[in-house]
Amino acid sequence: MPDDLYQRYQAAHRAYQAHAPSCGACTRDTFHCRDGEKLHESFARLQDAYLTRQPRKH
Ligand SMILES: [Zn+2]
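A quick note: this is a predicted structure, and the numbers were derived from the prediction, not measured. (Residues numbered from 1 in each chain as written. Predicted model: local features only at pLDDT ≥ 70, side-chain atom pairs only at ≥ 80, totals over all residues. Heavy atoms only, no water.)

Chemist: Would you explain the coordination of the zinc ion in this entry?
Modeler: Each pair of donors in an ideal octahedron of six around a metal sits at 90 or 180 degrees, and each pair in an ideal tetrahedron of four sits at 109.5 degrees. Those donors, H19 (NE2), C23 (SG), C26 (SG) and C33 (SG), are the protein atoms that reach the zinc ion, and they lie 2.1 to 2.3 Å from it. Classification of the site at the zinc ion as tetrahedral follows from its four donor atoms and the range of 104 to 113 degrees in their angles at the metal. Here the donor residues for the zinc ion map to a single chain with the spacing H-x3-C-x2-C-x6-C. One end of the pair, H19, is in helix α1 (residues 4-23); the other, C33, is in the loop between α1 and α2 (34-53), and 14 residues separate them in sequence. (Donors = N, O, S within 2.8 Å, 3.2 Å for Na, K, Ca; no water. Tetrahedral: all angles 85-135°; square planar, octahedral: opposite > 155°, others 65-115°. Helix = DSSP H or I, 4+ residues; strand = E, 2+ residues; numbered from the N terminus.)

Chemist: Looking at this structure, I do not really get the pattern of salt bridges. What am I missing?
Modeler: Side chains carrying opposite charge are able to pair once their charged atoms draw close together. Summed over the entire model, instances satisfying the criterion amount to three salt bridges. E41 is the salt-bridge partner of R45, the closest N and O atoms lying 3.9 Å from each other. Here R45 pairs with E41, and both are found in helix α2, just four residues apart, close to one helical turn. Look at E41 and you get partly exposed, because its relative accessible area is 45%. (Salt bridge = Lys/Arg side-chain N within 4 Å of Asp/Glu carboxyl O. Buried < 20%, exposed > 50% of the residue type's maximum accessible area, 1.4 Å probe, protein only.)

Chemist: What exactly am I supposed to notice about the nonpolar core here?
Modeler: A general trend in soluble globular proteins is that nonpolar side chains are found buried together. Residues L5, Y9, A12, F43, L46 and Y50 constitute the largest nonpolar core, which totals six residues. Of all the elements in the fold, those that place two or more residues in this core are α1 and α2. Apart from the residues within four sequence positions on either side, L5 is in contact with L46, A49, Y50 and R53. (Core = buried A, V, L, I, M, F, W, Y, C linked by side-chain atoms within 4.5 Å. Contact = heavy atoms within 4.5 Å.)

Chemist: Can you walk me through the packing of aromatic side chains in this structure?
Modeler: Enumeration according to the criterion identifies four aromatic pairs in this entry. Both rings, one in Y6 and one in Y9, keep their centres 5.9 Å apart while their planes meet at 75 degrees; by these two values the pair is edge-to-face. Here Y6 and its partner Y9 are both found in helix α1, three residues apart, which amounts to about one turn of the helix. Looking at Y9, the relative accessible area reads 12%, which means it is buried. Aromatic pair Y9 and F43: ring centres 6.0 Å apart, planes at 10 degrees, arrangement stacked. With Y9 in helix α1 and F43 in helix α2, this pair connects stretches of sequence that are 34 residues apart. When sorted by exposure, Y9 lands in the same class as F43, which is buried. Taken together through their ring pairs, the aromatic side chains of Y6, Y9, F43 and Y50 make up a single cluster. (Phe/Tyr/Trp six-rings, centres within 6.5 Å; stacked < 30°, edge-to-face > 60°.)

Keep in mind these numbers describe shape, not what the thing actually does.
Given below as structure tokens:
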């Protein structure tokens, strides 16, 4: 069964990666334009949710 959260996390990452090189303002982690900020924010939130959900140790 595909992991929906992982898929969304990867999609958000791709969306941000697709935006950043063509933007010019979003090449650094510390500053984003308005669109980049939204993309980066949803990517960071999904990444956080995904990583938090991972089992610690087995
Ligand atoms: Zn940007």
